[in-house]
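Examination of the molecular architecture
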Amino acid sequence: GAPYTKDEFSKVFTTERWEDAANAAVGGQPVWTIKDYVGSTLGMVVAECFRPLGLDSEFDSDWDLAFMKALGEKGSIELVVALLEQQNVVQQLAEQVLGAAKQVFEAAATSGDELNAKFAAEGAFEMSYGSKADFFKGLETRIGSPNPRILDYMTKEHCEKVDADREWTTGNYGITTSPRKEWLLVGGDFIDEFAKGQMQDVDSIDWESWNSSVAELKKMDDKRPASWPAEMVHKHRTRAEFRSQNFLKELSSINNRLRSLSERAIMTEEAIGLRLYTGPMFEKYN
(Lines give C-alpha, C1' and ligand atoms only; values in the text may rest on other atoms or scores of the structure.)
Protein backbone atom coordinates (compact mmCIF):
# COMPACT_ATOMS: atom_id res chain seq x y z
CA GLY A 1 0.00 0.00 0.00
CA ALA A 2 0.90 3.67 0.14
CA PRO A 3 3.64 4.79 2.57
CA TYR A 4 2.62 6.28 5.91
CA THR A 5 3.20 9.93 6.74
CA LYS A 6 5.33 10.88 9.74
CA ASP A 7 2.25 11.83 11.79
CA GLU A 8 0.45 8.59 10.92
CA PHE A 9 3.50 6.52 11.83
CA SER A 10 3.95 8.39 15.14
CA LYS A 11 0.31 7.77 16.03
CA VAL A 12 1.00 4.04 16.19
CA PHE A 13 3.09 4.56 19.34
CA THR A 14 0.07 5.94 21.21
CA THR A 15 -2.84 4.02 19.63
CA GLU A 16 -1.15 0.68 18.84
CA ARG A 17 -3.19 0.67 15.62
CA TRP A 18 -2.12 1.02 12.01
CA GLU A 19 -4.50 3.22 10.06
CA ASP A 20 -5.20 3.23 6.34
CA ALA A 21 -2.78 5.57 4.62
CA ALA A 22 -4.34 5.29 1.17
CA ASN A 23 -5.13 9.01 1.17
CA ALA A 24 -1.64 10.09 2.21
CA ALA A 25 -0.36 12.64 -0.31
CA VAL A 26 3.01 11.05 -0.82
CA GLY A 27 2.64 9.81 -4.39
CA GLY A 28 4.32 6.47 -3.76
CA GLN A 29 7.71 8.08 -3.15
CA PRO A 30 9.25 9.91 -0.19
CA VAL A 31 8.29 13.59 -0.28
CA TRP A 32 11.08 15.71 -1.80
CA THR A 33 12.08 18.83 0.17
CA ILE A 34 15.01 21.23 0.14
CA LYS A 35 15.61 20.39 3.80
CA ASP A 36 16.04 16.68 3.07
CA TYR A 37 18.04 17.29 -0.10
CA VAL A 38 20.71 19.65 1.24
CA GLY A 39 20.14 19.78 5.01
CA SER A 40 22.73 17.20 6.08
CA THR A 41 25.34 18.61 3.68
CA LEU A 42 24.91 22.15 4.99
CA GLY A 43 25.06 20.87 8.55
CA MET A 44 28.42 19.23 7.88
CA VAL A 45 29.75 22.47 6.36
CA VAL A 46 28.87 24.36 9.55
CA ALA A 47 30.29 21.62 11.80
CA GLU A 48 33.61 21.68 9.93
CA CYS A 49 33.96 25.38 10.75
CA PHE A 50 34.61 24.51 14.39
CA ARG A 51 37.51 22.17 13.75
CA PRO A 52 40.74 23.49 15.30
CA LEU A 53 43.57 24.55 13.00
CA GLY A 54 46.02 21.79 12.20
CA LEU A 55 43.51 18.98 12.85
CA ASP A 56 42.58 16.67 9.98
CA SER A 57 39.05 16.39 8.67
CA GLU A 58 38.13 13.46 10.88
CA PHE A 59 35.85 14.31 13.78
CA ASP A 60 37.32 13.79 17.24
CA SER A 61 34.69 12.97 19.84
CA ASP A 62 36.74 14.12 22.85
CA TRP A 63 37.69 17.44 21.30
CA ASP A 64 34.17 18.09 20.00
CA LEU A 65 32.60 17.42 23.41
CA ALA A 66 35.16 19.58 25.22
CA PHE A 67 34.64 22.41 22.73
CA MET A 68 30.83 22.37 23.00
CA LYS A 69 30.97 22.31 26.81
CA ALA A 70 33.38 25.25 26.85
CA LEU A 71 31.25 27.12 24.33
CA GLY A 72 28.12 26.49 26.36
CA GLU A 73 29.81 27.74 29.54
CA LYS A 74 31.78 30.75 28.28
CA GLY A 75 30.63 31.36 24.72
CA SER A 76 28.46 34.05 23.19
CA ILE A 77 26.58 34.73 19.98
CA GLU A 78 29.36 37.12 18.98
CA LEU A 79 31.99 34.39 19.36
CA VAL A 80 30.04 31.89 17.27
CA VAL A 81 29.44 34.51 14.57
CA ALA A 82 33.16 35.36 14.56
CA LEU A 83 34.14 31.69 14.16
CA LEU A 84 31.71 31.22 11.28
CA GLU A 85 32.85 34.41 9.56
CA GLN A 86 36.50 33.42 9.99
CA GLN A 87 35.80 30.21 8.05
CA ASN A 88 33.83 32.08 5.36
CA VAL A 89 30.88 29.78 6.00
CA VAL A 90 28.38 31.83 3.97
CA GLN A 91 30.48 31.35 0.85
CA GLN A 92 30.74 27.61 1.49
CA LEU A 93 27.01 27.27 2.10
CA ALA A 94 26.23 29.26 -1.04
CA GLU A 95 28.45 26.96 -3.13
CA GLN A 96 26.72 23.85 -1.75
CA VAL A 97 23.22 25.26 -2.30
CA LEU A 98 24.00 26.40 -5.83
CA GLY A 99 25.57 23.04 -6.68
CA ALA A 100 22.49 21.22 -5.41
CA ALA A 101 20.17 23.58 -7.30
CA LYS A 102 22.06 22.89 -10.55
CA GLN A 103 21.63 19.15 -10.01
CA VAL A 104 17.89 19.66 -9.56
CA PHE A 105 17.70 21.85 -12.68
CA GLU A 106 19.61 19.34 -14.78
CA ALA A 107 17.26 16.57 -13.63
CA ALA A 108 14.48 18.35 -15.57
CA ALA A 109 11.77 17.07 -13.22
CA THR A 110 8.39 18.81 -12.89
CA SER A 111 7.48 17.54 -9.40
CA GLY A 112 9.01 16.15 -6.23
CA ASP A 113 7.80 12.64 -7.10
CA GLU A 114 9.33 12.91 -10.55
CA LEU A 115 12.60 14.15 -9.06
CA ASN A 116 12.74 11.23 -6.63
CA ALA A 117 12.01 8.80 -9.44
CA LYS A 118 14.71 10.41 -11.59
CA PHE A 119 17.41 10.11 -8.91
CA ALA A 120 16.28 6.61 -7.93
CA ALA A 121 16.54 5.47 -11.54
CA GLU A 122 20.07 6.88 -11.73
CA GLY A 123 21.13 5.10 -8.56
CA ALA A 124 21.03 8.10 -6.21
CA PHE A 125 19.27 5.96 -3.59
CA GLU A 126 21.35 2.83 -4.03
CA MET A 127 22.95 1.84 -0.74
CA SER A 128 26.64 1.04 -0.51
CA TYR A 129 29.22 0.00 2.06
CA GLY A 130 31.17 2.70 3.86
CA SER A 131 34.88 2.73 4.61
CA LYS A 132 36.71 1.61 7.73
CA ALA A 133 36.90 5.29 8.74
CA ASP A 134 33.09 5.50 8.55
CA PHE A 135 32.84 2.50 10.87
CA PHE A 136 35.12 4.00 13.53
CA LYS A 137 33.39 7.40 13.35
CA GLY A 138 30.17 5.67 14.40
CA LEU A 139 26.66 7.03 13.95
CA GLU A 140 26.97 10.33 15.79
CA THR A 141 28.27 12.26 12.77
CA ARG A 142 25.24 11.04 10.81
CA ILE A 143 22.34 11.09 13.28
CA GLY A 144 23.70 13.15 16.17
CA SER A 145 24.45 12.32 19.79
CA PRO A 146 21.93 10.51 22.01
CA ASN A 147 19.98 12.48 24.59
CA PRO A 148 22.20 12.80 27.70
CA ARG A 149 19.30 12.17 30.11
CA ILE A 150 19.79 8.43 29.80
CA LEU A 151 18.08 7.26 33.00
CA ASP A 152 15.04 9.42 32.34
CA TYR A 153 14.61 7.97 28.87
CA MET A 154 15.27 4.42 30.02
CA THR A 155 12.39 4.93 32.46
CA LYS A 156 10.15 6.17 29.66
CA GLU A 157 11.13 3.28 27.38
CA HIS A 158 10.12 0.74 30.01
CA CYS A 159 7.17 2.51 31.65
CA GLU A 160 5.49 4.80 29.11
CA LYS A 161 5.68 3.10 25.70
CA VAL A 162 2.79 1.14 24.22
CA ASP A 163 4.14 -2.23 25.37
CA ALA A 164 5.01 -1.10 28.92
CA ASP A 165 2.20 -3.17 30.46
CA ARG A 166 2.07 -5.89 27.82
CA GLU A 167 2.84 -9.11 29.65
CA TRP A 168 4.66 -12.12 28.25
CA THR A 169 5.91 -15.38 29.73
CA THR A 170 9.61 -16.21 29.51
CA GLY A 171 10.65 -19.48 27.94
CA ASN A 172 13.28 -20.38 30.52
CA TYR A 173 11.80 -19.73 33.99
CA GLY A 174 8.13 -19.37 33.08
CA ILE A 175 7.93 -15.83 34.49
CA THR A 176 4.94 -13.74 33.42
CA THR A 177 5.92 -10.08 33.62
CA SER A 178 6.05 -6.76 31.73
CA PRO A 179 8.67 -4.08 31.01
CA ARG A 180 7.17 -1.72 33.60
CA LYS A 181 7.21 -4.37 36.35
CA GLU A 182 10.82 -5.29 35.62
CA TRP A 183 12.00 -1.67 35.57
CA LEU A 184 10.26 -0.80 38.84
CA LEU A 185 11.49 -3.94 40.61
CA VAL A 186 15.11 -3.62 39.48
CA GLY A 187 15.09 0.14 40.09
CA GLY A 188 13.55 -0.51 43.50
CA ASP A 189 16.39 -2.89 44.34
CA PHE A 190 18.83 -0.12 43.48
CA ILE A 191 16.98 2.28 45.81
CA ASP A 192 16.95 -0.28 48.62
CA GLU A 193 20.66 -1.07 48.25
CA PHE A 194 21.53 2.62 48.39
CA ALA A 195 19.31 3.10 51.45
CA LYS A 196 21.34 0.51 53.40
CA GLY A 197 23.98 3.19 53.85
CA GLN A 198 26.93 0.79 53.74
CA MET A 199 29.04 3.21 51.74
CA GLN A 200 32.17 3.64 53.87
CA ASP A 201 34.53 2.37 51.17
CA VAL A 202 32.59 3.75 48.21
CA ASP A 203 34.27 6.37 46.03
CA SER A 204 32.65 9.81 46.36
CA ILE A 205 32.22 9.97 42.56
CA ASP A 206 30.10 6.82 42.63
CA TRP A 207 28.15 7.97 45.69
CA GLU A 208 27.20 11.28 44.06
CA SER A 209 26.16 9.55 40.84
CA TRP A 210 24.06 6.97 42.68
CA ASN A 211 22.46 9.62 44.89
CA SER A 212 21.31 11.50 41.77
CA SER A 213 20.05 8.29 40.16
CA VAL A 214 18.12 7.24 43.26
CA ALA A 215 16.33 10.59 43.29
CA GLU A 216 15.26 9.96 39.69
CA LEU A 217 14.19 6.37 40.36
CA LYS A 218 12.14 7.36 43.41
CA LYS A 219 9.79 9.40 41.20
CA MET A 220 8.03 6.16 40.24
CA ASP A 221 8.88 3.94 43.19
CA ASP A 222 5.38 4.28 44.63
CA LYS A 223 4.22 2.14 41.69
CA ARG A 224 6.67 -0.69 42.46
CA PRO A 225 4.94 -4.10 42.58
CA ALA A 226 4.58 -5.60 46.05
CA SER A 227 6.31 -8.83 45.01
CA TRP A 228 8.39 -10.34 42.24
CA PRO A 229 6.49 -12.30 39.55
CA ALA A 230 6.16 -16.00 40.29
CA GLU A 231 8.51 -18.46 38.59
CA MET A 232 6.91 -21.62 37.24
CA VAL A 233 10.22 -23.38 36.45
CA HIS A 234 13.17 -23.92 38.84
CA LYS A 235 10.98 -22.88 41.76
CA HIS A 236 13.62 -23.99 44.26
CA ARG A 237 15.87 -21.05 43.39
CA THR A 238 13.84 -17.96 42.61
CA ARG A 239 15.35 -14.54 42.02
CA ALA A 240 13.08 -13.08 44.69
CA GLU A 241 15.04 -15.07 47.27
CA PHE A 242 18.46 -15.46 45.69
CA ARG A 243 19.11 -12.23 43.75
CA SER A 244 22.46 -10.60 44.52
CA GLN A 245 22.88 -8.37 47.58
CA ASN A 246 25.32 -5.53 48.29
CA PHE A 247 25.86 -5.14 44.56
CA LEU A 248 26.57 -1.41 44.85
CA LYS A 249 29.66 -2.04 46.97
CA GLU A 250 30.82 -4.59 44.41
CA LEU A 251 30.10 -2.11 41.61
CA SER A 252 32.18 0.53 43.38
CA SER A 253 35.05 -1.95 43.71
CA ILE A 254 34.88 -2.70 39.99
CA ASN A 255 34.80 1.02 39.18
CA ASN A 256 37.86 1.65 41.34
CA ARG A 257 39.76 -1.02 39.42
CA LEU A 258 38.65 0.49 36.12
CA ARG A 259 39.79 3.96 37.19
CA SER A 260 43.17 2.58 38.27
CA LEU A 261 43.57 1.35 34.69
CA SER A 262 42.48 4.75 33.30
CA GLU A 263 39.29 3.18 32.02
CA ARG A 264 35.80 4.68 32.20
CA ALA A 265 33.72 3.59 35.20
CA ILE A 266 30.41 1.74 34.81
CA MET A 267 27.47 4.16 34.80
CA THR A 268 24.35 3.68 36.91
CA GLU A 269 22.32 3.24 33.73
CA GLU A 270 24.68 0.52 32.52
CA ALA A 271 24.49 -1.32 35.85
CA ILE A 272 20.68 -1.24 35.83
CA GLY A 273 20.65 -2.36 32.21
CA LEU A 274 22.89 -5.32 33.03
CA ARG A 275 20.64 -6.40 35.92
CA LEU A 276 17.59 -6.10 33.69
CA TYR A 277 19.27 -8.15 30.97
CA THR A 278 20.06 -11.01 33.35
CA GLY A 279 16.30 -11.26 34.06
CA PRO A 280 13.26 -11.68 31.81
CA MET A 281 14.00 -8.51 29.84
CA PHE A 282 16.71 -10.31 27.86
CA GLU A 283 13.92 -11.77 25.73
CA LYS A 284 12.55 -8.32 24.92
CA TYR A 285 15.97 -6.81 24.29
CA ASN A 286 17.02 -9.64 22.00
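Above this text sits the structure in question.
All values derive from a computational prediction rather than experimental measurement. (Residues numbered from 1 in each chain as written. Predicted model: local features only at pLDDT ≥ 70, side-chain atom pairs only at ≥ 80, totals over all residues. Heavy atoms only, no water.)

This next bit is on the overall build of the protein chain. A count of helical and extended segments in the protein chain gives 15 helices and two strands. Within the span of the protein chain, comprising 286 residues, buried residues form 25% of the whole. Pairs at least 24 residues apart make up 62% of the contacts formed inside the protein chain by residues separated by at least 6 positions. Surface exposure of the protein chain reaches about 19,700 Å², of which carbon and sulfur atoms provide 56%. (Helix = DSSP H or I, 4+ residues; strand = E, 2+ residues; numbered from the N terminus. Buried < 20%, exposed > 50% of the residue type's maximum accessible area, 1.4 Å probe, protein only. Contact = heavy atoms within 4.5 Å. Areas by Shrake-Rupley, 256 points an atom, 1.4 Å probe, with all protein chains shown as cover.)

This part is about helix α10 (residues 179-195). Within an α-helix, residues lying three or four positions from one another point in the same direction, as the helix has 3.6 residues per turn. End to end, α10 covers 24 Å across 17 residues, agreeing with the expected 24 Å (1.5 Å per residue, within 8%). Two residues or fewer past α10, Gly 197 is found with a positive phi of approximately 75°. (Expected span 1.5 Å × (residues − 1).)

A word on the packing of aromatic side chains. Given two aromatic rings, one states the distance between the centres and the angle between the planes to describe the pair. Under the definition given, this model contains three aromatic pairs. Ring geometry for Phe 194 against Trp 207: centres 5.7 Å apart, planes inclined by 45°, an arrangement best described as tilted. Here Phe 194 is found in helix α10, whereas its partner Trp 207 is found in helix α11 (residues 204-217), with 13 residues between them in sequence. By relative accessible area, which is 12% here, Phe 194 ends up buried. Plain terms: the ring middles of Tyr 277 and Phe 282 are 6.4 Å apart, the flat faces sit at 75° to each other, and that makes the pair edge-to-face. The partly exposed category is assigned to Tyr 277, whose relative accessible area is 39%. Joined through ring pairs, the aromatic side chains of Tyr 277, Phe 282 and Tyr 285 make up one cluster. The positively charged end of Lys 156 is found above the aromatic ring belonging to Tyr 153, 4.7 Å away from the centroid. One residue, Lys 284, lies across the ring of Trp 168, its end atom 5.7 Å from the ring centre. (Phe/Tyr/Trp six-rings, centres within 6.5 Å; stacked < 30°, edge-to-face > 60°. Lys NZ or Arg CZ within 6 Å of the ring centre and 35° of its normal.)

A separate point is the layout of surface pockets. The space that makes up the second largest pocket amounts to roughly 440 Å³. Taken together, 20 residues form the lining of the second largest pocket, with Glu 231, Arg 239, Arg 243, Thr 278 and Gly 279 sitting closest to its centre. Breaking the lining of the second largest pocket down by element, the ones donating at least two residues are α10, α12 (239-242) and α14 (268-277). For the lining of the second largest pocket, a count of residues per class yields eight nonpolar, six polar and six charged. (1 Å grid on protein atoms, 1.4 Å probe; cavity = no way out; pocket = protein on both sides within 12 Å on 5 of 7 lines; lining within 4 Å. Points joined across faces, edges and corners; volume = space filled by probe spheres on them. Nonpolar A, V, L, I, M, F, W, Y, C, P; charged D, E, K, R; others polar.)

Under the criterion given, the structure shown has 15 salt bridges. Between Arg 149 and Asp 152 there is a salt bridge, with its nearest N and O atoms 2.9 Å apart. Residue class for Asp 152 comes out buried when judged on its relative accessible area of 11%. Between Arg 224 and Asp 221 there is a salt bridge whose closest N-O contact spans 2.8 Å. Under the relative-accessibility criterion, Arg 224 is labelled partly exposed at 25%. Linked by salt bridges that have partners in common, Arg 149, Asp 152 and Lys 156 make up one network. (Salt bridge = Lys/Arg side-chain N within 4 Å of Asp/Glu carboxyl O.)

To continue, consider the environment of Lys 161. Assignment of secondary structure puts Lys 161 in the loop between α9 (150-159) and β1 (168-169). Counting along the chain gives 19 residues from Lys 161 to Arg 180, while the straight-line C-alpha distance between them is 9.4 Å.

Here the focus is α11. Spanning 14 residues, α11 covers 20 Å between terminal C-alpha atoms, matching the ideal 20 Å at 1.5 Å per step. Taken residue by residue, α11 has Asp 206, Trp 210, Ser 213, Val 214 and Leu 217 as its buried positions. Across the axial projection of α11, the buried residues extend over an arc of 105°, all falling on one side. Exposed residues pointing more than 90 degrees away from the buried face of α11 are listed as Ile 205, Glu 208 and Ser 212. Considering only its buried residues, α11 is in contact with α9, α10, α13 (247-260) and α14. Put simply, Asp 203 is the residue that caps the front of α11, since its side-chain oxygen is 2.7 Å from the backbone nitrogen of Ile 205. (Arc of directions from axis to C-beta. Polar contact = N/O pair within 3.5 Å; in protein donor to acceptor, adjacent residues only side chain to side chain.)

What follows concerns the packing of α9 against α10. Two elements in contact, α9 and α10, have axes separated by 7 Å at closest approach and are oriented at 140°. Between α9 and α10, the angle falls in the class oblique. Only Pro 179, Arg 180 and Trp 183 of α10 make contact with α9, whose side of the interface consists of Leu 151, Met 154, Thr 155, His 158 and Cys 159. Partitioned by chemical class, the residues of the contact of α9 with α10 number five nonpolar, two polar and one charged. (Axes fitted to C-alpha atoms, helices over the stretch in contact; angles between N-to-C directions. Parallel < 35°, antiparallel > 145°, perpendicular 65-115°, else oblique.)

Backbone geometry places Asn 88, a non-glycine residue, at a positive phi of 55°. Structurally, Asn 88 can be placed in the loop between α4 (77-86) and α5 (89-107). The phi torsion at Ser 262 lies on the positive side, around 60°, for a residue other than glycine. Position of Ser 262 relative to the elements: it lies in the loop between α13 and α14. The class of Ser 262 is exposed, set by a relative accessible area of 71%.

Just geometry here; none of it tells us what the structure is for.
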